[in-house]
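# Structure assessment
In case you want the letters, here they are:
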There are 2 protein chains.
Amino acid sequence: IPRTITIVPNTYNPPDNFANVAGKIYRSSFPRPENFSFLQRLKLKSIVVLIPEPYPAENQKFLQDNNIQFFQVPISGNKEPFINIPQESITEILKTVLNPENHPLLIHCNRGKHRTGCLVGCIRKLQNWSLTMIFDEYRRFAAPKVRSLDQQFIELYEDMEIIDYALINNWLPVAW
Amino acid sequence: IPRTITIVPNTYNPPDNFANVAGKIYRSSFPRPENFSFLQRLKLKSIVVLIPEPYPAENQKFLQDNNIQFFQVPISGNKEPFINIPQESITEILKTVLNPENHPLLIHCNRGKHRTGCLVGCIRKLQNWSLTMIFDEYRRFAAPKVRSLDQQFIELYEDMEIIDYALINNWLPVAW
């Protein structure tokens, strides 16, 4: 049987620590231009950035060219002894992240380990995961720089406001 | 404004090494009864098992109760010096795994590290990921027991037959 085979020779380079969190919510480290062709395959509608620094010009251009909404909620990672992620920031970010109208959505910080890991941990709490499995996942991405402070933050995050908000908006359970 | 809030107090226990691979393809270690309520949330249509041992009675009951198709393709993990995963087995499994009619689909072996990691690595090759990022992901799940033999298997896996088969069936690119 004669047939035509199309082979796509492009290599796609996901950003470091890229993964699918749930449904069309993704996580990664800071995307660089060499990751853009990969990210285009996700057909992103939104990017949520957790760092305070201004977004690089080439990343801004990528957003514009692909019609991607940009949400920047700057947080500083947990660090002994006095820097803690404010709970309100996480709640604010979750209101954006859980909204299906913003999906497909990518969350990133710099290395996709700590700040992103804390946020994903809070999403897992909303999915009622056991802390054991939340921490296992956190450590998989944060290794070898695992922070107890981050795990404690996830454990103590008091999510009544966001649970309330998400239920009213019919965003729970988080879709797979 | 008076309103009713429903709080779901159940804790869900994903199996160890559970993750979303792409679209509605999932991976994990061997699911135990304490993981079943979590797995039900995924509304699985199929489970692909990579181990040769008979499936436990309680897992078989879970399949029946939830109307889940069962595919068992027994393979032995790569092990020096003479045990190698046969390429044909991976190709056969991929024909099941890539078929959207079988999704949502869970792949598992025992620990969700090596055999499952090899299979997921081959899926990433079909997604044209760079080997660097394929290996990073492999190591994230296999750590601390990373096997070079597994990474070499992924690198050398010659996927023309499955590419051909998948293209004819319109399964590529793998949906996110």
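Coordinates for the structure precede this section.
Structure report, in brief. (Residues numbered from 1 in each chain as written. Chains lettered and ligands numbered in written order. Predicted model: local features only at pLDDT ≥ 70, side-chain atom pairs only at ≥ 80, totals over all residues. Heavy atoms only, no water.)

### Here's the deal with the overall build of chain A
Here is the rule we go by: In DSSP terms, a helix is any run of H or I states spanning at least four residues, a strand is any run of E spanning at least two, and both are numbered starting from the N terminus. In this treatment the radius of gyration is a C-alpha quantity, and the globule benchmark scales as 2.2 Å times the residue count to the 0.38 power. Burial status follows relative accessibility: with a 1.4 Å probe on protein chains alone, a residue under 20% of its type maximum counts as buried, one over 50% as exposed, and anything between as partly exposed. Contacts are assigned to residue pairs that have any heavy atoms within 4.5 Å of one another. The protein chains shown are the only cover counted for residues, whose accessible areas, like all others here, come from Shrake-Rupley with a 1.4 Å probe. Charged residues are defined narrowly, with Lys and Arg counted positive, Asp and Glu counted negative, and His plus the chain ends left uncounted. Charge coordinates come from a single atom per side chain, which is NZ of Lys, CZ of Arg, CG of Asp or CD of Glu.
In terms of helices and strands, chain A carries 7 helices and 5 strands. Element order for chain A, N to C, with α for helix and β for strand: β-β-α-β-α-β-α-β-α-α-α-α. The globule rule puts the C-alpha radius of gyration for 176 residues at 16 Å, and the 17 Å found for chain A is close to it. With respect to the three principal axes, the spread of C-alpha positions in chain A is 60 × 35 × 30 Å. Here chain A, with 176 residues, has 55% of them falling under the buried criterion. Within chain A, residue pairs in contact and separated by at least 24 positions form 65% of the contacts whose partners lie at least 6 positions apart. Surface exposure of chain A reaches about 8300 Å², of which carbon and sulfur atoms provide 51%. Of the side chains in chain A, 19 bear a positive and 17 a negative charge, and the two mean positions are spaced by 9 Å.

### Comments concerning the pairing of strand E2 (residues 25–28) of chain B
Residue and element names in this part refer to chain B. Filter applied, for reference: A pair of strands counts as paired when DSSP detects no fewer than two bridges linking them.
The two faces of E2 match: Ile-25 and Arg-27 on one face and Tyr-26 and Ser-28 on the other face are all buried. As paired elements, strand E1 (residues 19–22) and E2 share 3 bridges and run antiparallel to each other. Each residue of the ladder has a partner; that of Asn-20, found in E2, is Tyr-26. The antiparallel hairpin formed by E1 and E2 contains 2 residues in its connecting segment, where Gly-23 sits at a positive phi of about 50°. Examined bridge by bridge, E2 and strand E5 (residues 105–108) share 4 bridges and lie parallel to one another. Across the sheet, residue Ser-28 finds its bridge partner in E5, namely His-108.

### What about the pattern of salt bridges?
All names here are of chain B. Worth spelling out the cut-off: For salt bridges, the criterion is a side-chain nitrogen of Lys or Arg within 4 Å of an Asp or Glu carboxyl oxygen.
For the structure on display, the rule yields 10 salt bridges over all chains. Here Lys-95 makes a salt bridge to Glu-161, at a shortest N to O gap of 3.1 Å. Of this pair, Lys-95 sits in helix H3 (residues 87–97) while Glu-161 sits in helix H7 (residues 160–168), and the two are 66 residues apart along the sequence. Residue class for Glu-161 comes out partly exposed when judged on its relative accessible area of 49%. A salt bridge links Asp-136 to Arg-139, with the shortest nitrogen-to-oxygen separation between them at 2.7 Å. Taken together, the residues Asp-136 and Arg-139, both in helix H5 (residues 131–142) and 3 residues apart, mark about one turn of the helix.

### Points about the interface of chain A and chain B
It is common to give the size of an interface as the accessible area lost on bringing the parts into contact. Just so we agree on the cut-off: A simple way to read buried area is as the amount of 1.4 Å-probe accessible surface that goes missing from two parts once joined, with both sides added. Distance and chemistry together define a polar contact, namely a pair of N or O atoms within 3.5 Å, with one atom able to donate a hydrogen and the other to accept it when in protein, and with adjacent residues in sequence counting only for side-chain atoms on both sides. Here the nonpolar group is Ala, Val, Leu, Ile, Met, Phe, Trp, Tyr, Cys and Pro; Asp, Glu, Lys and Arg are the charged ones; every other residue, Gly included, is treated as polar.
With 35 residues of chain A at the contact, the number on the chain B side is 35 residues. Summed over both partners, the interface of chain A with chain B comes to about 3100 Å²; 57% of that surface belongs to carbon and sulfur atoms. When the buried surface of chain A facing chain B is broken down by residue, A:Asn128, A:Arg140 and A:Trp176 rank first, second and third, together holding 24% of it. Linking chain A with chain B are 0 salt bridges. Summed over the shared surface of chain A and chain B, the number is 12 residue pairs in polar contact (both at pLDDT 80 or more). Tallied by class, the residues present in the side of chain A that touches chain B amount to 18 nonpolar, 10 polar and 7 charged.

### Points about the relation of the copies chain A and chain B
The criterion, for reference: Only residues with pLDDT of at least 70 in both copies count here: their C-alpha atoms drive the least-squares fit that superposes the copies.
If you rotate chain A by 180° and push it 0.0 Å along the axis, it lands on chain B with an RMSD of 0.0 Å. What we have between these two chains is a two-fold relation. A high fraction, 100%, of the interface residues of chain A reappear at the interface in chain B, so the copies pair face to face through one surface.

### With respect to unusual backbone geometry
Between A:Leu172 and A:Pro173 the backbone carries a cis peptide bond, its omega angle lying at -5°. Secondary-structure assignment places A:Pro173 in the segment after helix H7 (160–168). The backbone of A:Asn128 shows a phi angle near 60°, a positive value even though the residue is not glycine. Examined against the element boundaries, A:Asn128 turns out to sit in the loop between helix H4 (115–126) and helix H5 (131–142). Look at B:Asn67: it is not a glycine, yet its phi comes out positive at around 55°. Considering the arrangement of structural elements, one finds B:Asn67 in the loop between helix H2 (57–65) and strand E4 (69–72).

### Remarks on the side chain of B:Asn35
Relative to the helices and strands, B:Asn35 is located in the loop between E2 and helix H1 (36–40). For B:Asn35, a relative accessible area of 7% puts it in the buried group.

### Here we look at the packing of helix H3 (residues 87–97) of chain A against H7(A)
Residue and element names in this part refer to chain A. Note the cut-off: Where helices are involved, their axes are fitted lines through C-alpha atoms of the stretch in contact, as for all axes, and angles between N-to-C directions lie from 0 to 180°. What sets the label is the angle itself: under 35 degrees gives roughly parallel, over 145 gives roughly antiparallel, 65 to 115 gives roughly perpendicular, and the rest give oblique. By convention the crossing between two helices is left-handed if the near helix lies anticlockwise of the far one by an angle smaller than a right angle, and right-handed if it lies clockwise.
Look at H3 against H7: their axes get within 10 Å of each other, and the N-to-C directions meet at 20°. On the basis of the axis angle, H3 is roughly parallel to H7. Seen from above, H3 lies across H7 with right-handed handedness. Contacts between H3 and H7 pair Thr-91, Leu-94 and Lys-95 from the former with Glu-161, Ile-162 and Tyr-165 from the latter. Across the contact of H3 with H7, the residue classes break down as 3 nonpolar, 1 polar and 2 charged.

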